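# Fold and contact review
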Amino acid sequence: MDNFGKFLENLVSECLKSDKLAFLPDKEKKEIEGKIRNHFNDVTINTLVEQLTDEQVNQIKALDPKDPKVQELMAQFAAGIPGFAFVLEERLKKEMDSILQSGQIPASAGMTS
């Protein structure tokens, strides 16, 4: 697992330790864990898309979403955005704080265009 994957897993783990989620039954906790992970992935994608040019977004949209090239292309674009890692880290931590306070997973907006 890469550093970003470890970072996301740590955020998910922190959320599951919250007072409102820590005492859930294991089955429900696993379900919530998947929803939190999906939410963080959505936030990551939305944060990246907000920083991309229309041309870059169109390049991604032209590919099949299941094509491994999509992830490679997005990683390449993210690497070229100055300060993107800091912006993303801040946004993900804000989302984690929201989950910790409320015990609720915010509705994900989905990919923007």
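Read on for a plain summary of the structure. Because the structure is a prediction, the values reported are computed rather than measured.

A few words on the overall build of the protein chain. Helix and strand content of the protein chain: five helices and zero strands. For the protein chain, the α and β elements follow one another from N to C terminus as α-α-α-α-α. Once the C-alpha set of the protein chain is aligned to its principal axes, its extents read approximately 45 × 30 × 25 Å. The burial tally for the protein chain puts 32% of its 113 residues in the buried class. Looking at the protein chain alone, contacts between residues at least 24 apart form 69% of all its contacts between residues at least 6 apart. Here the protein chain displays about 7600 Å² of accessible surface, and carbon together with sulfur accounts for 52% of that area. Both charge centroids of the protein chain, one from 14 positive and one from 19 negative side chains, sit 4 Å from each other.

With the rule as written, the count across this model stands at seven salt bridges. Salt-bridge contacts for glutamate 14 lead to lysine 17; the nearest nitrogen and oxygen are separated by 3.4 Å. Glutamate 14 sits in the partly exposed class, given a relative accessible area of 35%. Residue class for lysine 17 comes out exposed when judged on its relative accessible area of 55%.

Glancing now at the nonpolar core. Among the nonpolar cores identified, the biggest contains 26 residues, and Ile36, Phe40, Leu48, Leu52, Ile60 and Leu92 are the most heavily contacted of them. Of all the secondary structure elements, the ones that give two or more residues to this core are α1 (3–16), α2 (26–51), α3 (54–61), α4 (68–79) and α5 (84–102). No other element matches α2, which puts six residues into this core. Among all residues touching leucine 92, those that are not within four sequence positions of it are Phe4, Phe7, Leu8, Leu11, Phe40, Val43 and Thr44.

Moving on: the packing of α1 against α5. One can describe the packing of α1 onto α5 by two numbers: an axis separation of 9 Å at closest approach and a directional angle of 15°. Overall, the two elements α1 and α5 adopt an arrangement that is roughly parallel. Note on packing geometry: the crossing formed by α1 with α5 is right-handed. Taking contact as the criterion, the partners of Phe4, Phe7, Leu8, Leu11, Glu14 and Cys15 in α1 are, on α5, Leu88, Glu89, Leu92, Lys93, Met96, Ile99 and Leu100. Taken together, the residues of the contact of α1 with α5 break down into ten nonpolar, no polar and three charged.

Rules behind the numbers
- Residues numbered from 1 in each chain as written.
- Predicted model: local features only at pLDDT ≥ 70, side-chain atom pairs only at ≥ 80, totals over all residues.
- Heavy atoms only, no water.
- Helix = DSSP H or I, 4+ residues; strand = E, 2+ residues; numbered from the N terminus.
- Buried < 20%, exposed > 50% of the residue type's maximum accessible area, 1.4 Å probe, protein only.
- Contact = heavy atoms within 4.5 Å.
- Areas by Shrake-Rupley, 256 points an atom, 1.4 Å probe, with all protein chains shown as cover.
- Lys, Arg positive; Asp, Glu negative; His and termini not counted.
- Charge placed at Lys NZ, Arg CZ, Asp CG, Glu CD.
- Salt bridge = Lys/Arg side-chain N within 4 Å of Asp/Glu carboxyl O.
- Core = buried A, V, L, I, M, F, W, Y, C linked by side-chain atoms within 4.5 Å.
- Axes fitted to C-alpha atoms, helices over the stretch in contact; angles between N-to-C directions.
- Parallel < 35°, antiparallel > 145°, perpendicular 65-115°, else oblique.
- Left-handed = near helix turned anticlockwise from the far one by under 90°.
- Nonpolar A, V, L, I, M, F, W, Y, C, P; charged D, E, K, R; others polar.

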